[in-house]
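Summary of the model geometry
What follows is the residue order along each chain.
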Amino acid sequence: MQLRVENLHVSYDRIKALYGLDFVIDKGEIVCIIGANGAGKSTTLRAISRMIPAEKGARMLFEGNDLLDYSADKVVRKLGISHVPEGRRLFGNLTVMENLQLATYARKDHTAIKQDMDLVFSIFPRLKERRTQLSATLSGGEQQMVAVGRAYMTGRKMMLLDEPSMGLAPLMMLGMFDALKEINRAGTTILLVEQNARLALKFAQRGYVIENGRIVLEGKSGDLLHDPEVRKAYLGG
Amino acid sequence: MAFFLQNVINALQWGSFYALIALGYSMVYSILMLFNFTHGDIFMTGAYIGLGVATALLALSGVMGVVVPGWLLLIFTIVLAMMLTSLLGVLVERVGYRPLRDAPRASAAITGLMIGIILEYSNLAILGTRRLNFPTLIETTTYTVGGVFFTNKKILIVGIALLLMLALHLFIQKSRWGMAMRAMSFDYQIVPLMGVSLNVIAPLTFAIGSSLAAAGGILYGMAYPVLDPFMGIVLGWKSFVAAILGGRGSILGAALAGFLLGFIEIFTPMIFPSTFRDLIAYSIILLILTFRPYGFFGQAHSTQLRL
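Anyway, here's the lowdown on the structure attached to this text. Since the structure is predicted, the reported quantities are computational estimates derived from the model, not experimental observations.

When helices and strands are tallied, chain A shows 10 helices and 10 strands. The C-alpha atoms of chain A give a radius of gyration of 17 Å, which matches the 18 Å a tight globule of 237 residues would have. Principal-axis analysis of the C-alpha atoms places the extent of chain A at approximately 45 × 40 × 30 Å. Within the span of chain A, comprising 237 residues, buried residues form 55% of the whole. A sequence separation of at least 24 residues applies to 67% of the contacts in chain A between residues at least 6 apart. Taking the average place of the 33 positive charges on the side chains of chain A and the average place of its 27 negative ones, the gap between the two points comes to 3 Å.

This is the structure in structure tokens:
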């Protein structure tokens, strides 16, 4: 397995968000975490990428490295875990190209950078057309492309995606998930969290259902799609 | 006309001092949303460091019996003093501000003021009350063109200031550190996800801002050679006004507003008695800020979302 998370508790100030999560992800997998708004999905991703601290007693091992020994920038730089944050959060004052270049800030492998850039442009040809444009002027779908492309440029072992479908038109959404499949085929493990459970479960191989900061159900995507509880709570019956 | 041009040169000279100092306020604000109230005293310390370096270089060339041209000494003085003062900036960030990064901004502002006072009085404690003179590195030559008098020093001061601003502009637009700074000014919380450490970019920003202030201090010392430990207060506050007038966090705005301040200050006494200078000058600025509360290039952007 590539990532093992054990006993993950997280609190914001005094409000507890996660109550002891345990899960594992294998190399090359696509795994989704589904759940309602505020269930703790984004918090889980932020804890892995070390944007927020985990409480004592948590264990997070990535390829044998204890994530708790790494700061947020080192998780990206040394371990190759990228994070597409909720709401995309592009640097709107930078061009598309600059957003992608900044993502390679810490990388020295110049030939690999060029290959990765080529891959990003082949998956998202639109970005090549728009590369000199300020990212704030892009459409929502294009912005999501930059956010994913940017994450891919920072590190390629695992990508954490926070609601990649948010705010996208249905066609754009499907295109985005096709692109993510391509990135996965190129060797990147994908962990995504989604409110759009149906879309996520069709895309992922496995899923975890999270409720009030606890994992309540887990299994193969196909099984979860047919699980009566999941259907009732997340798929509209 | 000649009189007018004469004053344009004076205004550009004063504008150079203000702009070089204002840039440091703006850079730090744009990436950390923090007004570095130590900055005026970093300018003062930079001027003294420049004085020390220049004196040492002169003594060294005297001992070695070589005649070093003044312009070369000036370049060495500026470069060395900028490097030394940037270390002071890094220290201020590390000791004063980093521990308070998530504290209320008022705590950081007060800490900044305190460090400034410490710099002023450690200067007084070490060097005493005697006024030190900035050594003459370049002899003054006066030129007359079409009835306009100007000195080589004024041209040099404005030229060096513009050169440094151009260098800063290129650094911010072209280098990867500059790109990281621009990104940080937009959304600093996401910057670590790009593999960029805030603990590299923040001290780097302080270092650059402090080194520009040091350059300003040396140029000031060239024009007004008598230094004193409290020289950073008035110049610091005025440059802070320039940074606000330019638009919080705007580098271009800070530079332009610095020069505008120079112009307002020089041209006000042409109409009003000179004792009215700052009263009138800063009333004008207050008026501008009433109509443009975010300055020339500032944006009314909301504070960034907290994760």
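There is more to say, and it comes next.
Assigned secondary structure in chain B consists of 10 helices and four strands. Scanning chain B from its N terminus toward the C terminus, one meets helices and strands in the order α-α-α-α-β-β-β-α-α-α-β-α-α-α. Taken over C-alpha atoms, the radius of gyration comes to 20 Å for chain B, in line with the 19 Å a tight globule of 307 residues would show. Across its three principal directions, the C-alpha atoms of chain B cover 60 × 50 × 40 Å. When the 307 residues of chain B are sorted by exposure, 54% land in the buried category. Taking the contacts inside chain B whose residues are at least 6 apart along the sequence as the reference set, 79% of them involve residues at least 24 apart. Accessible area for chain B stands at about 13900 Å²; split by element, carbon and sulfur atoms hold 73% of it. Taking the average location of the 16 positive side-chain charges in chain B and that of its 9 negative ones, the two points are 6 Å from each other.

Now for helix H5 (residues 152-174) of chain B. Helix length check: H5(B), at 23 residues, gives a terminal C-alpha distance of 32 Å against a target of 33 Å (1.5 Å per residue), a fit within 8%. Within the span of H5(B), buried status applies to B:Asn152, B:Lys153, B:Ile157, B:Val158, B:Ile160, B:Ala161, B:Leu164, B:Met165, B:Leu168 and B:Ile172.

A complete count under the given rule lists 21 salt bridges over all chains for this structure. Close ionic contact of B:Glu265 with B:Arg277 constitutes a salt bridge, the shortest N to O distance being 3.8 Å. Taken together, the residues span a long stretch of sequence, with B:Glu265 in helix H9 (residues 251-271) and B:Arg277 in helix H10 (residues 277-291) at a distance of 12 residues. Through salt bridges with shared partners, one network takes in A:Arg107, A:Asp109, A:Asp116 and A:Arg156.

Looking now at the interface of chain B and chain A. Taken together, the contacts link 23 residues of chain B with 24 residues of chain A. Carbon and sulfur atoms make up 66% of the area that chain B and chain A hide from each other, which totals about 2200 Å². Our enumeration of links across chain B and chain A arrives at two salt bridges. Ionic pairing is found between B:Asp187 and A:Arg89, a salt bridge with its closest N-O pair at 2.7 Å. Linking chain B to chain A there are six residue pairs in polar contact (both at pLDDT 80 or more). For the side of chain B that touches chain A, the secondary structure elements donating two or more residues are helix H6 (176-186) and helix H7 (198-223) of chain B. With eight residues, the top contributor of residues to the side of chain B that touches chain A is H6(B). For the side of chain B that touches chain A, the per-class residue count stands at 15 nonpolar, five polar and three charged.

Each regular strand carries side chains that alternate between the two faces of the sheet. Residue and element names in this part refer to chain A. Because side chains alternate across strand E6 (residues 81-84), one face comprises the buried residues Ile 81 and His 83, and the other comprises Ser 82 and Val 84, equally buried. Relative to strand E7 (residues 158-162), E6 runs parallel, the two sharing four bridges. Its bridge partner being in E7, Ser 82 is matched across the sheet by Met 159.

Looking now at the packing of aromatic side chains. The description of two aromatic rings rests on the distance between their centres and on the angle between their planes. Scanning the model with the defined rule gives 22 aromatic pairs over all chains in all. Centroid distance B:Phe17 to B:Tyr220: 5.3 Å. Interplanar angle 75 degrees. Geometry classified as edge-to-face. Taken together, the residues span a long stretch of sequence, with B:Phe17 in helix H1 (residues 2-32) and B:Tyr220 in helix H7 at a distance of 203 residues. We note that B:Phe17, like B:Tyr220, is buried. Each ring, one from B:Tyr97 and one from B:Phe206, has its centre 5.5 Å from the other, and the planes form 35 degrees; the classification is tilted. You can see B:Tyr97 sitting in helix H3 (residues 70-97) and its partner B:Phe206 sitting in helix H7, a full 109 residues away along the chain. For the residue pair B:Tyr97 and B:Phe206, the accessibility class agrees, reading buried in each case. These aromatic residues form a ring-pair network of at least three members: B:Trp14, B:Phe17, B:Tyr18, B:Phe43, B:Tyr220 and B:Tyr224. Above the face of the A:Tyr19 ring, A:Arg214 is positioned so that its terminal group lies 4.2 Å from the ring centre.

Once that is clear, we can look at the packing of helix H8 (residues 231-246) of chain B against H10(B). Helix packing geometry: the angle between the two helix axes and the distance between the axes. Residues and elements named next belong to chain B. Look at H8 against H10: their axes get within 11 Å of each other, and the N-to-C directions meet at 25 degrees. With respect to their mutual orientation, H8 and H10 come out roughly parallel. H8 and H10 meet at a crossing whose hand is left-handed. Along the contact surface, H8 presents Lys 238, Val 241, Ile 244 and Leu 245, while H10 presents Arg 277, Asp 278, Tyr 282, Ile 285, Ile 288 and Leu 289. Here the contact of H8 with H10 is built from residues that sort into seven nonpolar, no polar and three charged.

Once that is clear, we can look at the side chain of A:Thr44. Within the fold, A:Thr44 resides in helix H1 (residues 41-48). For A:Thr44, the residues in contact, after removing those within four places along its chain, are A:Leu8, A:Leu18, A:Leu21, A:Phe23, A:Ile33 and A:Ile210.

Residue and element names in this part refer to chain A. Taking strand neighbours across the sheet as the criterion, the six strands line up as E6-E7-E8-E3-E9-E10 in an open arrangement whose pairing is mixed. What marks the edges here is a single partner per strand, and that holds for E6 and strand E10 (214-220). Neighbouring strand axes in the sheet, compared pairwise and without regard to direction, differ in orientation by 15 degrees on average. Bridging between E7 and strand E8 (residues 189-194) involves five bridges; their strand directions are parallel. Note on E8: the bridge partner recorded for Met 159 is Ile 190. Strands in contact with helix H6 (residues 140-154) are E6 and E7; relative to E6, the strand with the most contacts, it is inclined by about 165 degrees. Across the sheet, helix H7 (residues 170-185) touches strand E3 (30-34), E7 and E8, and the angle it forms with E8 is around 150 degrees.

About the thresholds
Residues numbered from 1 in each chain as written. Chains lettered and ligands numbered in written order. Predicted model: local features only at pLDDT ≥ 70, side-chain atom pairs only at ≥ 80, totals over all residues. Heavy atoms only, no water. Helix = DSSP H or I, 4+ residues; strand = E, 2+ residues; numbered from the N terminus. Rg over C-alpha atoms; globule rule 2.2 N^0.38 Å. Buried < 20%, exposed > 50% of the residue type's maximum accessible area, 1.4 Å probe, protein only. Contact = heavy atoms within 4.5 Å. Lys, Arg positive; Asp, Glu negative; His and termini not counted. Charge placed at Lys NZ, Arg CZ, Asp CG, Glu CD. Areas by Shrake-Rupley, 256 points an atom, 1.4 Å probe, with all protein chains shown as cover. Expected span 1.5 Å × (residues − 1). Salt bridge = Lys/Arg side-chain N within 4 Å of Asp/Glu carboxyl O. Buried area = accessible area lost by both parts, 1.4 Å probe. Polar contact = N/O pair within 3.5 Å; in protein donor to acceptor, adjacent residues only side chain to side chain. Nonpolar A, V, L, I, M, F, W, Y, C, P; charged D, E, K, R; others polar. Pairing = 2+ DSSP bridges. Phe/Tyr/Trp six-rings, centres within 6.5 Å; stacked < 30°, edge-to-face > 60°. Lys NZ or Arg CZ within 6 Å of the ring centre and 35° of its normal. Axes fitted to C-alpha atoms, helices over the stretch in contact; angles between N-to-C directions. Parallel < 35°, antiparallel > 145°, perpendicular 65-115°, else oblique. Left-handed = near helix turned anticlockwise from the far one by under 90°.

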